[in-house]
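Geometric and topological summary
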Amino acid sequence: MSSVISIKNVTKIYKLYNKSIDRLKEVVHPFHKQYNEPFYALNDISFEIEKGETVGIIGTNGSGKSTILKIITGVLQQTKGEVSIDGTVSALLELGAGFDLDYTGIENIYMNGAILGFSPEEMDRKKEEILEFADIGDFVNQPVKTYSSGMMVRLAFALAINVEPEILIIDEALAVGDAFFQAKCFHKLEEIKNAGTTILFVSHDIVSVKKLCKRAIWLDRGNMREIGEAKEVCEKYLSMQIEEQNREMAKLVDGMSLDNTVEKIINGNQKSFKRIQLHQSIEVSGTKQGEILSFYIKNEKGQEVMVLPTEQSYTFGMLVKFNENIDNVLFGFEMENVRGVKLFSVNNFLTNEVLQNVKVGELYEVSFELRLPRICTGEYLVSPSLAAGSQDSHVVLERIHNYLKITIDNDGYNLSIIDLDTKAAFVKYKKDDIVLY
Ligand SMILES: Nc1ncnc2c1ncn2[C@@H]1O[C@H](COP(=O)(O)OP(=O)(O)OP(=O)(O)O)[C@@H](O)[C@H]1O
């Protein structure tokens, strides 16, 4: 296989100045004294991409993803290192990049075509497909500066994919479009990929990277942290994010005074629980006649987890304290995705396990065992709650909305919310064997 993108020891250094006058001082200094702090946006990056490969670039904000794409497309010049590209490149970089905002959509289509070496006649033929894919109606005759960001990304994507590039480079652009357009783009990207186009794809959406890409590159503060099979690299990246989240959590717990810990409240009992950690963006509601002191998710080995592979068993548990006598207690939690779509809710009424007549000051741990179905990989939010009454009529004692952000890890490649276990059956008929009514 031949490599179509070759990056060798590429470094990009930005000079940062504390004061703007320092820039001038540096230019006029007789002995070239340096007044800047060098900032490594990329540090000695090397990789090769072969023809027909689809490669994802992942990393946290500011890790250098856009910088490497800009260097590959020639928008930026590297400070050191070599870049070689073999093939025609079509790129979707920042929103509006590549468009002249004063020209209409149609004029921009022809201008971009000319830059890529297409004659006006060739663009006449491509125009229809571009317009059909972009689907922005009469706006194509308006200056691009009047477009919404969604329209701009529609036109940019339609243009980028319809000029038959050998290498297609996409920087996070799809995040802007609406869900239907995103789905249409992913479908098209699969088609382009299967047709043998090399694709380089930057995204914060690990699900898409896992689904679309064969390999992935993880950039971390300008350094190459991992390169390899997309699934493996994405999993390592997710684990790192969870570890960091846990470390932040641990710092908070260390900083708490002992008087506040649950261990002191349960006085003498040997079992310890991690106290609920609230911050400003978590919304707590309820009468406070009962309180959730701790909430956890454990895997089959009893380890607390925040990355949950599907089709495994988990224990979702909580420790609660009652500030009043309560007759019928409802413990539960619900899980929703980041768009607020509720996936499921669980409580002890649904499972017919009622807890009656609890007394003020009593502490209970309640746990629910469940096997996680094959839901789509991604981030989900879990809200524990405590109520009194019945399933139909109850008073919320405490509900901690979107308390825990967890990551579901599904090995499958389905992007729908739930993967079903289905079986297909095929029956072949001759024309005369059937009647259509
Ligand atoms: N012109 C510039 N001058 C100084 N620093 C810059 C400049 N452009 C980018 N940087 C810095 O370079 C680093 C890498 O930026 P880059 O845009 O490549 O990150 P990214 O991984 O694409 O981030 P995001 O996910 O937020 O888009 C960042 O710390 C950014 O602040």
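Residues numbered from 1 in each chain as written. Predicted model: local features only at pLDDT ≥ 70, side-chain atom pairs only at ≥ 80, totals over all residues.

The name given to the protein in an unreviewed UniProt entry is ABC transporter ATP-binding protein, and the organism recorded there is Lachnotalea glycerini. UniProt lists a comment for the protein under the heading Sequence similarities (unreviewed entry), and it reads "Belongs to the ABC transporter superfamily." (UniProt positions renumbered as here; feature names shortened; annotations may be inferred.)

What follows concerns the nonpolar core. Nonpolar side chains tend toward joint burial in soluble globular proteins. In terms of nonpolar packing, the biggest core is built from 57 residues, with A160, I169, V209 and A216 touching the most fellow members. When sequence neighbours within four positions are dropped, the list of residues in contact with A160 reads S90, A91, L92 and L168. (Core = buried A, V, L, I, M, F, W, Y, C linked by C-beta atoms within 7 Å. Buried ≥ 20, exposed ≤ 12 C-beta atoms within 10 Å, placed from the backbone. Contact = placed C-beta atoms within 7 Å.)

One way to put it is that helix α3 (residues 105–115) packs onto helix α4 (residues 120–134) with a least axis distance of 10 Å and a crossing angle of 125 degrees. The angle between α3 and α4 falls in the class oblique. Like other packed secondary-structure pairs, α3 and α4 cross with a definite hand, here right-handed. Judged by residue contacts, I109, Y110 and G113 of α3 engage P120, E122, M123, K126, K127 and I130 from α4. For the contact of α3 with α4, a count of residues per class yields five nonpolar, one polar and three charged. (Axes fitted to C-alpha atoms, helices over the stretch in contact; angles between N-to-C directions. Helix = DSSP H or I, 4+ residues; strand = E, 2+ residues; numbered from the N terminus. Parallel < 35°, antiparallel > 145°, perpendicular 65-115°, else oblique. Left-handed = near helix turned anticlockwise from the far one by under 90°. Nonpolar A, V, L, I, M, F, W, Y, C, P; charged D, E, K, R; others polar.)

The six strands lie next to each other as β5-β6-β7-β3-β8-β9, forming an open sheet whose pairing is mixed. Of all the strands in the sheet, the pair left with one neighbour each is β5 (89–92) and β9 (223–229). Strand-to-strand twist in this sheet, taken as the mean axis angle between neighbours without regard to direction, amounts to 15 degrees. As judged from the four bridges shared by β5 and strand β6 (residues 167–171), these two strands associate in the parallel manner. From the neighbouring strand, S90 faces β6, where its bridge partner is L168. (Pairing = 2+ DSSP bridges.)

Mapped onto the secondary structure, F316 falls in strand β13 (residues 313–322). Judged by C-beta crowding, with 21 C-beta atoms within 10 Å, F316 ranks as buried. Spatially, the C-alpha atoms of F316 and F368 are 5.2 Å apart, while their sequence positions differ by 52 residues. Sequence-distant contacts of F316, that is, excluding residues within four places in its chain, are made with I297, F333, S367, F368 and L370.

Here the focus is the site of the ligand. If you check the shell around the ligand, you find Y14, F39, A41, G59, N61, G62, S63, G64, K65, S66 and T67 and nothing else. Elements supplying a minimum of two residues to the shell around the ligand: β2 (37–50) and α2 (65–72). Of the residues forming the shell around the ligand, the biggest block, three residues, is contributed by α2. Here the shell around the ligand is built from residues that sort into three nonpolar, seven polar and one charged. (Near = placed C-beta within 6 Å.)

This next bit is on the environment of F99. Within the element layout of this structure, F99 appears in the loop between β5 and α3. Given 22 C-beta atoms within a 10 Å radius, F99 is considered buried. C-alpha of F99 to C-alpha of L155: the two residues are 56 residues apart in sequence and 9.8 Å apart in space. Beyond its immediate sequence surroundings of up to four residues, F99 is in contact with N108 and V144.

Where α4 contacts helix α5 (residues 149–162), the axes come no closer than 8 Å and their chain directions differ by 140 degrees. One element, α4, and the other, α5, form an angle in the oblique class. Crossing of α4 against α5: the hand is right-handed. Residue-level contacts link K126, E129, I130, F133 and A134 of α4 to R154, L155, A158, L159 and N162 of α5.

What follows deals with the sheet that holds strand β11 (residues 290–298). Hydrogen bonding along the main chain pairs the strands of a sheet, whether they run parallel or antiparallel. Pairing within the open sheet is antiparallel, and its three strands lie in the order β11-β13-β17. Looking at strand neighbours, the two that pair on one side only are β11 and β17 (363–371), the edges of this open sheet. Averaged over all pairs of adjacent strands, the angle between their axes in this sheet comes to 20 degrees, without regard to strand direction. Where β11 lies against β13, eight bridges are found, and the strand directions are antiparallel. Paired with E291 across the bridge in β13 is K321.

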